[in-house]
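Structure assessment
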Amino acid sequence: MTESNPNQICPDCGATMPDDSPQDLCPKCLLRQALESRTLVDDGSPSAPSTQPPSPHEIADKFPGFEITECLGRGGMGVVYKARQKSLGRWVTIKILAPERVGDARFSERFAEEAQILARLAHPNIVTVFDYGETDGLYYIVMEFVDGVNLRDLLRDGKLDPTQALGIVPPICEALQFAHDKGIVHRDIKPENLLLDRDGRIKIADFGIASLVGVNGDPAGTPPYMAPEQGTRSQATDHRADIYALGVVLYEALTGERPGESFQLPSQKVHVDVSIDDIVIRALNRDPERRYHTADEFRKVIEKATAAQTRGDVDADASPAPVKPNAPLVPNPAPLDPIVFRIAGFLMIAIGIIQVLAVSVNVGNFIYFLSGAENGFFAEFLSMTEPAFIWFSAKWLISASLAVITIVGGTHLLKGKSRKWALAGAIACCLSTWGLVIGVVALVVLLSNTSEVFDPIGNTPHNQRRISRLAIAATGFHVLLLLCLAAGIFVVQSRYPITAGKAPSVFLIAFPVLFSAATGSILGWRAAIQIRKSEGKLYGKRLAVVTGMVVPSLLVIPLVAIGAGSLKELFASSPQFDDATALIVGTTTVSSIGAIAFLGLRTCFRYLAGKPLQCYSKRILSVAGILVGLWIVSGTLLWV
Amino acid sequence: MSDSTQPTAFLTTRWTLIVDAVSGNDAVARDALSLLAGTYWLPLYRYARRKNKSREDAEDLVQGFLAHLLEPHCLQELDRSHGRFRAFLLASFNHWMINDWKHSIRQKRGGPERPLSLDIDSAESGMKIDPADHRSPDRLFDREWALALLDKVLVNLEAAFNSEGNAVQFSKLRSCLTSASARIPYSSLATELGISEGAVRVAVHRLRKRYRAQLEAEVARTLSNPQAVEDELHSLFAALSNET
C-alpha cells in the first residue's frame, strides 16, 4: 500500500480518498470505471450467438498457408481470426463469412464479385483485402491485420474529446469518397468497423460485406447506424447512407450517446462550436437529398468546424462559454427553392409534352396515310425525293428529341436536381416550335440564380439507383425500327405487284430500318456496359441486353442466307453428287452455320450480361472448329 | 504482496477448487491458497482489531486462522457461503475466533506454523482515518476487502507492465483508470510520453482493458461461480460507496 497524504481528494469524484487507496487512485472511481465499461460492453455487443465459432485449431487444416493463432471475435458478418501468412511472414486477419451459406450458389457468385470489387479498394484508410476464396464450403476473406482497437472499444470508455471526435471524421470521409467514386457503398459504417492502429491512424473495415451478407434480403447494416431509407427500400440506398451512418458515429463520439428520434444538439451536451450542430443535423437528415451530397463535402465542413472549434477552445480559456438557451431541435432549413424555379420547370414539362403530342400526331398521320392507300398526302409522300424524305424524318426525330430533353430538363428544374440537365432542357425548349418564350424565361431563371438548389452530382453514377436512360433510348429506337418495318411492308404491299415504274426506293425503306436497328443496338450495348460499371446504381440490364442483341440476331439472317446460297450454288453447279456427299455437305453446312450463329450469339449475350467469356469447354470449341474447318475444306474441294 | 513464485497452475482457478485440492493435501494448491489468503489477510486483521482484539491477539488470530486454513481436512465441514471467498473467509474467521483460537493459538504462538509474514505496521496505519466509525466491522471488512483486491490487481498490472519494459507508461497512464475519457488530457500525456495522441488513446484503452480483465479474473477467483462477477463487483462498489 502506498503511503499518501490523508487529505487527498479524488479529482474525478471529489470525495476524500482513504489513505490506503491502491496506487493513490480513488478505489471508488476504479471500480466505477470498470463497472461502467462492463455495462457498455454488454449493451453494445450483439446477442451471444447460440453456437460457438470454430476454434483456431479446428479450422487450422483448412488454411494450410496460414498459422491461425487466435479467434478475435464474432460479429453479425462472421468470425474473425488472427493468423500469420507463412509464405510472407505477415500478420493477417481471416474473416470467415456466413457459415450457414455453405453450398448457396447465388451467394458464391455474388461473393466472388464483391471480393473482386473490394480488392480494388487500395486506400491508406481502408483495410486492404489480400485474398478471398472458399475452402470446404467456408467463404473467407484474408485482410490486412490492424494492430489496434476499434472505435467501439474507445467509446466504451466514454465519449471522446470534441477535437478527437472531429478528428476521426476527415480520414473516414477521404476513404469513403474514394470508395464512392468507385461506386462502392459501405452500408455498415459503425464504430466496430472503424479501426485505430497503434499510430492512431484510422481504417475502415468490412467494406461491402454488409451488402454481401444481406444479399437474400436479410437486414444489411446495423439498426442504430442505418439511414431511414435503408430500412424501407433497400434498392434506393446509395452513398448517402454512409454519410448518415458517419453522422451517427460522430454524434456518438461527441456525446457518448446515439441520436434518437429527436436528439439534443451536440452543443447542448458538450462544449462544441454551434457550427457542429448544423453539421450533425445535416448529416443525419432523414431525407438523403438534404444530407451532404458527398463525403468530400462532409470532410470540408468538418475541417472548417475543427478550425473554429480550436479557436473556440482558445476563446473559452480566456472567458467562460456563454450559456446557450435550450433551443428545440429544428429541422435543417430547406435549400433555397424559389417558386419561379418550380413554375419554369412545370411550364417546360408542359411544352415538352405538347411537343411529344404534336410529333405523335405527325407520326400517326404518317402511318394512317400509309395504310389508307389512295390519299393525297400519301401520294405526295411517296413522290418525295430522297433528300426531302430525309429532311422529313430528321425534322420529326429532332423535334421528338428536343421534346424529351425539354421534359427531362423541366423535371430537373422542378426538383432542383441537376443544373446541367436543367440548362440543356431550357435550351431545347428555346429551340422547339412553341417553347421559345418559356425556354428563355427558364434560362434567365437558371442563369440569375446559382444557389445550391442544384445537386452538383445529380447526373454522376453514384446518384440514387435509377433506370438506365441509354437502355430506354435503345428501346425507343427499336420501337422505331418496328414502325419503319411496318411502314416498309405497307409501302411494298401498296405497290404490289411491283412494276418497274412503281418500285419503291430501297433507300426509303432500308435506311430507317438499318438506322434504327443499328442505333438501338449500339445504345443497348453501351447501356449494358454502363449498367455493369455502375455497380448496382443503374438498373434495366435485361432491357439493355435484349436491345443490344437485336443487331447480332439480325446478322444471323445474312449468315443463313450465305449458307443456303452456297449450298444452292454448289448443287446447281455439280448436280452429279451422290446422296452421301450431299448428306455430308448439307450436314456440315447446316451445323457450321448453326455453330457460328450459336457461339456468336452466346458470346454477345454473355458479354452484354457481364458474364465471364471463358465459358466454353475446350471440347465444344474444338468440335465447332472441326465442323467449320470441315465445311470450308469440303466446300473448297467440291468447288474446285 | 505479489509473489514471483506464485503457482501459475492456480492463477485463475476458482477458490473452491483450490480449497478442495488443499483438502486433498495437494502441495501446489496449498501454495495457491496461501497466496489467496496472503492477498486478503489485511481485512481479516483489521476486522479482528475492530472486534477489540489487541495487536498481538489479532496477529495471532490471523496467523492461526491461516495456518488452520492450510491444513488438510479442516475445511470440509465449513460452510461455503454461497460460493464467495469473501463471505467464506469472514464466516470461517468468525467461527475460528469463537471456537478454536482459545485452544489452539496458545500452543501455536511462537511456534513454527506462521505461514505469512504480516506487515502489521502498515495494517495498523489504515485504521487511523476512521476513528469515529459507526459502521459494523463486517461492512468495514467488505470495504477493506475491496481495497485489498484493487491493490492486488494494480500491483499485478504494474508488475506486468514493468516486465514488458513499460514502467514509465504505466506510471503516467495509471491515473486514466479512474477518469472518464473526456477528462483524460491525451495531448499532454502524448507530449510527456513522446508518442502521438492516437497512440496514447490506444494505450489507455489497452490499459483499461487489461485492468478490467485482471480485475474480473481476480474477482472470479474468489467466486465459485464465475458468472457472478458482475454482482460481486457491484457489492464491492457498494461497500466502497457507503463511506460518506
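Residues numbered from 1 in each chain as written. Chains lettered and ligands numbered in written order. Predicted model: local features only at pLDDT ≥ 70, side-chain atom pairs only at ≥ 80, totals over all residues. Heavy atoms only, no water.

Here we come to the overall build of chain B. Scanning chain B for helices and strands turns up ten helices and zero strands. Of the regular secondary structure in chain B, the N- to C-terminal order runs α-α-α-α-α-α-α-α-α-α. For chain B, with 244 residues in total, the buried portion stands at 51%. Across chain B, the fraction of contacts at a sequence separation of at least 24, relative to all contacts at a separation of at least 6, is 73%. Carbon and sulfur atoms form 49% of the exposed surface of chain B, whose accessible area is close to 10,700 Å². (Helix = DSSP H or I, 4+ residues; strand = E, 2+ residues; numbered from the N terminus. Buried < 20%, exposed > 50% of the residue type's maximum accessible area, 1.4 Å probe, protein only. Contact = heavy atoms within 4.5 Å. Areas by Shrake-Rupley, 256 points an atom, 1.4 Å probe, with all protein chains shown as cover.)

Of all hydrophobic cores here, the largest spans 63 residues; its most connected members are A:Leu151, A:Phe207 and A:Phe298. In terms of residues, this core owes the most to one element, helix H8 (residues 239–255) of chain A, which gives eleven residues. Shared between two domains, this core takes at least three residues from each, and those domains are domain 2 (56–144) and domain 3 (148–318) of chain A. Not counting the four nearest positions on each side in its chain, A:Leu151 is found in contact with A:Leu160, A:Ile168, A:Pro191, A:Leu194, A:Leu196 and A:Val249. Counting residues in hydrophobic clusters, the runner-up holds 62 residues, among them B:Leu36, B:Leu70, B:Met97 and B:Leu147. (Core = buried A, V, L, I, M, F, W, Y, C linked by side-chain atoms within 4.5 Å. Domains from an automatic or database assignment.)

What follows covers the confidence of the model for chain A. All names here are of chain A. Looking at chain A, the pLDDT average stands at 75 and 75% of residues meet or exceed 70. Within chain A, helix H13 (residues 376–382) has the poorest average pLDDT of any element, 53, and strand S8 (residues 202–204) the best, 90. Contacts for the low-pLDDT stretch residues 314–337, under 50 throughout, to residues beyond four places or in other chains number 24 contacts. Considering only residues more than four positions removed or in separate chains, one finds that residues 373–377, a stretch of pLDDT under 50, has three contacts. (pLDDT = per-residue confidence, 0-100.)

Here the structure, examined in full by the defined rule, presents twelve aromatic pairs over all chains. Measuring from ring centre to ring centre gives 6.1 Å for A:Phe477 and A:Phe515, while their planes differ by 75°; the resulting arrangement is edge-to-face. Placement of A:Phe477 in helix H17 (residues 469–494) and of A:Phe515 in helix H18 (residues 506–533) is noted, with a sequence separation of 38 residues between them. Between B:Phe161 and B:Phe170, the aromatic rings sit 5.3 Å apart at their centres with planes inclined by 40°, giving tilted as the arrangement. Across this residue pair, the class does not change: B:Phe161 and B:Phe170 are buried. Taken together through their ring pairs, the aromatic side chains of B:Tyr40, B:Tyr47, B:Phe65, B:Phe93, B:Phe141 and B:Trp145 make up a single cluster. Its guanidinium or amino end placed over the ring of A:Phe130, A:Arg90 lies 3.6 Å from that ring's centre, counting from NZ or CZ. (Phe/Tyr/Trp six-rings, centres within 6.5 Å; stacked < 30°, edge-to-face > 60°. Lys NZ or Arg CZ within 6 Å of the ring centre and 35° of its normal.)

Moving on to the environment of A:Ile349. Residue and element names in this part refer to chain A. With respect to the helices and strands, the residue isoleucine 349 is situated in helix H12 (residues 339–371). When the C-alpha atoms of isoleucine 349 and alanine 403 are compared, they prove to be 8.7 Å apart, with 54 residues separating the residues in sequence. In this structure, isoleucine 349 is in contact with Ile407, Gly410, Thr411 and Leu414, ignoring residues within four places of it in sequence.

Moving on, we get to the packing of helix H19 (residues 541–548) of chain A against helix H21 (residues 579–609) of chain A. All names here are of chain A. In the contact formed by H19 and H21, the axes pass within 9 Å of each other and the chain directions differ by 150°. As summarised for this structure, H19 and H21 are arranged roughly antiparallel, according to the angle between their axes. Crossing handedness for the pair H19 and H21: right-handed. On H21, the residues that touch Lys541, Val545 and Gly548 of H19 are Phe605, Leu608 and Ala609. (Axes fitted to C-alpha atoms, helices over the stretch in contact; angles between N-to-C directions. Parallel < 35°, antiparallel > 145°, perpendicular 65-115°, else oblique. Left-handed = near helix turned anticlockwise from the far one by under 90°.)

Residue and element names in this part refer to chain A. Per the stated rule, a full pass over the model turns up 21 salt bridges over all chains. When the shortest N-O distance is used, the salt bridge between lysine 203 and glutamate 144 registers 3.0 Å. In this pair, lysine 203 sits in strand S8 while glutamate 144 sits in strand S5 (residues 138–144), placing the two residues 59 residues apart along the sequence. Owing to a relative accessible area of 9%, lysine 203 belongs among the buried residues under this scheme. The class of glutamate 144 is buried, set by a relative accessible area of 16%. A salt bridge links glutamate 252 to arginine 258, with the shortest nitrogen-to-oxygen separation between them at 3.7 Å. Accessibility expressed as a relative area gives 6% for glutamate 252, which makes it buried. Judged by its relative accessible area of 36%, arginine 258 is partly exposed. (Salt bridge = Lys/Arg side-chain N within 4 Å of Asp/Glu carboxyl O.)

Moving on: the sheet that holds strand S7 (residues 194–197) of chain A. With respect to topology, three strands assemble into an open sheet ordered S6-S7-S8 (chain A), the strand pairing being antiparallel. The sheet terminates laterally at strand S6 (148–150) and S8 of chain A, the two strands that pair on one side only. Ignoring which end each strand starts from, the neighbouring axes of this sheet average 30° apart. Each of S7 and S8 of chain A touches helix H5 (residues 162–181) of chain A; the most contacted strand, S8(A), lies at about 35° to it. Across the sheet, helix H9 (residues 197–221) of chain B lies against S6 and S7 of chain A, angled at about 80° from S6(A), the strand it touches most. (Pairing = 2+ DSSP bridges.)

Owing to its 3.6 residues per turn, the α-helix aligns residues three or four sequence positions apart on the same side. The end-to-end C-alpha separation of helix H3 (residues 55–69) of chain B is 21 Å, in line with the 21 Å expected for 15 residues at 1.5 Å each. For H3(B), the full list of buried residues reads B:Ala58, B:Asp60, B:Leu61, B:Val62, B:Gln63, B:Gly64, B:Phe65, B:Leu66, B:Ala67, B:His68 and B:Leu69. (Expected span 1.5 Å × (residues − 1).)

Further remarks concern the packing of H9(B) against helix H10 (residues 229–241) of chain B. Residue and element names in this part refer to chain B. Closest axis-to-axis distance for the H9/H10 pair is 10 Å, and the angle between their directions is 95°. When the interaxial angle is binned, H9 and H10 end up roughly perpendicular. Residues Leu215, Glu216, Val219 and Ala220 of H9 form the contact with H10, whose own contacting residues are Val229, Glu232 and Leu233. Partitioned by chemical class, the residues of the contact of H9 with H10 number five nonpolar, no polar and two charged. (Nonpolar A, V, L, I, M, F, W, Y, C, P; charged D, E, K, R; others polar.)

Checked against the element boundaries, B:Lys152 lands in helix H6 (residues 137–163). Aside from chain neighbours lying at most four places away, what touches B:Lys152 is B:Thr39, B:Glu218 and B:Arg221.

Below, the discussion takes up the state of the cysteines. Residue and element names in this part refer to chain A. For the structure shown, the criterion picks out zero disulfides over all chains. The thiol of cysteine 429 is unpaired, and the distance to the nearest cysteine sulfur, on cysteine 430, comes to 6.3 Å. Cysteine 429 sits in the buried class, given a relative accessible area of 0%. (Disulfide = S-S within 2.5 Å.)

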